[in-house]
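Residue-level structural notes
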Amino acid sequence: MRICVISDIHYKYRPQTPEDRQNQELILSFLKSSLGKYDLLVLNGDIFDLWYDWQRLIIKQYFPLLFALKRLQEEGCQIVYLSGNHDFWFGDFFQRYLGVKLYPDHHIIEADGKKLYFCHGDLHTVNDLRYQFFRKLVRLPFIKHIFGLLHPEFALSLGCKLSRSSRKRTDPAALRARKSAGLIKFADNIIKQEIADYVIMGHSHQPLVKELSSGIYANSGDWISSHSYLEIVGGELALRFFSLNKENQS
Ligand SMILES: [Mn+2]
């Protein structure tokens, strides 16, 4: 089985800098170059900077990425999507129009004799209670419902502010190191309990493959600075980086 894992693209509906636009082009090129290469694509959270599908509307700025996913799926690549901390307010769009299966928490599969555990990871960093409370709050059905009652343009400008402030909170290097340590500890527990052989997460924006006692912790990194992804082909896991210059691909 050929599996590709990506996370933390943070695709914006309001790209503001040339880097934002460049990052968008890179992920679109990557998905195009992935046509026919994989049997399964795992979207491991924070794919969109904010997701909401209203009863009759989607965010048109996301069309290029949605179209790229649709093409992959039509070429025979199955797609699964795990919620992140920026994309969890799903309606019926992914399932109904893209054939993408959604998982709000985690997802375990078996491939080529290996058990793979996927989750975004925001619950497993060294979390403060404030974040855990906020996470529960924004996922309450009535909060989602209220957001849906706002005019979409207003809702999105509000969402833009929220997601920017959440990104700011994740910036300092010390905090990032703490985040990573939390994820590794969680992965180690999953492996020790023999729930999985490979624990695959995102969220930290730090691409990494780390051998643990009897398994592997892997992080798919991000598409803001690393443009990284994980490949699991025939049970072998590899961390890779994408660039438009093919010679630089590793
Ligand atoms: Mn995240």
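For the structure itself, look to the data block above.
This text gives an overview of the structure that appears in the document. (Residues numbered from 1 in each chain as written. Predicted model: local features only at pLDDT ≥ 70, side-chain atom pairs only at ≥ 80, totals over all residues.)

1. A short note on the overall build of the protein chain
Within the protein chain, the regular secondary structure consists of seven helices and eleven strands. A compact globule built from 250 residues should have a C-alpha radius of gyration of about 18 Å, and the protein chain, at 17 Å, falls within 12% of that. Burial statistics for the protein chain: of 250 residues in total, 33% are counted as buried. Taking all contacts inside the protein chain whose residues are at least 6 apart in sequence as the whole, residues at least 24 apart take part in 69%. (Helix = DSSP H or I, 4+ residues; strand = E, 2+ residues; numbered from the N terminus. Rg over C-alpha atoms; globule rule 2.2 N^0.38 Å. Buried ≥ 20, exposed ≤ 12 C-beta atoms within 10 Å, placed from the backbone. Contact = placed C-beta atoms within 7 Å.)

2. Overview of the sheet that holds strand E8 (residues 208-212)
The strand order across the open sheet built from five strands is E5-E6-E7-E9-E8, with neighbouring strands paired in mixed fashion. Lying at the two open borders of the sheet, with one neighbouring strand each, are strand E5 (106-111) and E8. Strand-to-strand twist across the sheet, computed as the mean angle between neighbouring axes with direction ignored, equals 20°. Of the pairings in the sheet, the one linking strand E6 (residues 114-119) to strand E7 (residues 198-201) comprises three bridges and is parallel in character. Bridge pairing in E7 places Leu-116 opposite Tyr-198. (Pairing = 2+ DSSP bridges. Axes fitted to C-alpha atoms, helices over the stretch in contact; angles between N-to-C directions.)

3. A look at unusual backbone geometry
You will see that Asp-8, though not glycine, has its phi angle at about 55°, which is positive. Secondary-structure assignment places Asp-8 in the loop between strand E1 (2-6) and helix H1 (18-33). Judged by the 26 C-beta atoms lying within 10 Å of it, Asp-8 is buried. Even without being glycine, His-10 reaches a positive phi, approximately 50°. Along the chain, the position of His-10 falls in the loop between E1 and H1.

4. Observations concerning the pairing of E6
Note: E5 against E6, six bridges, orientation antiparallel. Residue pairing across strands places Ala-111 opposite Lys-114, the latter belonging to E6. Connecting E5 to the antiparallel partner E6 that follows it, the hairpin turn spans two residues, and Asp-112 within it adopts a positive phi of roughly 50°.

5. Digging into the sheet that holds strand E3 (residues 78-82)
With mixed pairing, the six strands of this open sheet are ordered in space as E4-E3-E2-E1-E10-E11. Of all the strands in the sheet, the pair left with one neighbour each is strand E4 (101-103) and strand E11 (236-241). Shown here is a sheet whose adjacent strand axes are inclined to one another by a mean of 20°, direction ignored.

6. Details of the nonpolar core
In terms of nonpolar packing, the biggest core is built from 46 residues, with Val-5, Tyr-117, Val-199 and Ile-200 touching the most fellow members. Looking at this core, the element that brings in the most residues is helix H7 (residues 173-192), giving five residues. Other than its neighbours up to four places away in sequence, Ile-200 contacts Val-5, Asn-44, Leu-116, Tyr-117, Phe-118, Ala-218, Ser-220 and Leu-230. (Core = buried A, V, L, I, M, F, W, Y, C linked by C-beta atoms within 7 Å.)

7. Here we look at the environment of Leu-149
Summarising the element assignment, Leu-149 is placed in helix H5 (residues 141-149). Note on Leu-149: 8 C-beta atoms within 10 Å, which makes it exposed. Taking the C-alpha atoms as reference, Leu-149 lies 8.9 Å from Trp-54; in sequence the two are 95 residues apart.

8. Brief notes about the pairing of strand E9 (residues 215-219)
Among the five residues of E9, four are classified as buried, and the element is accordingly described as predominantly covered. By the bridge criterion, four bridges tie E7 to E9 in an arrangement that is parallel. Bridge pairing in E9 places Ile-200 opposite Ala-218. In this structure, E8 lies alongside E9, joined through five bridges in antiparallel fashion. Of the residues in E9, the one forming a bridge with Lys-210 is Tyr-217.

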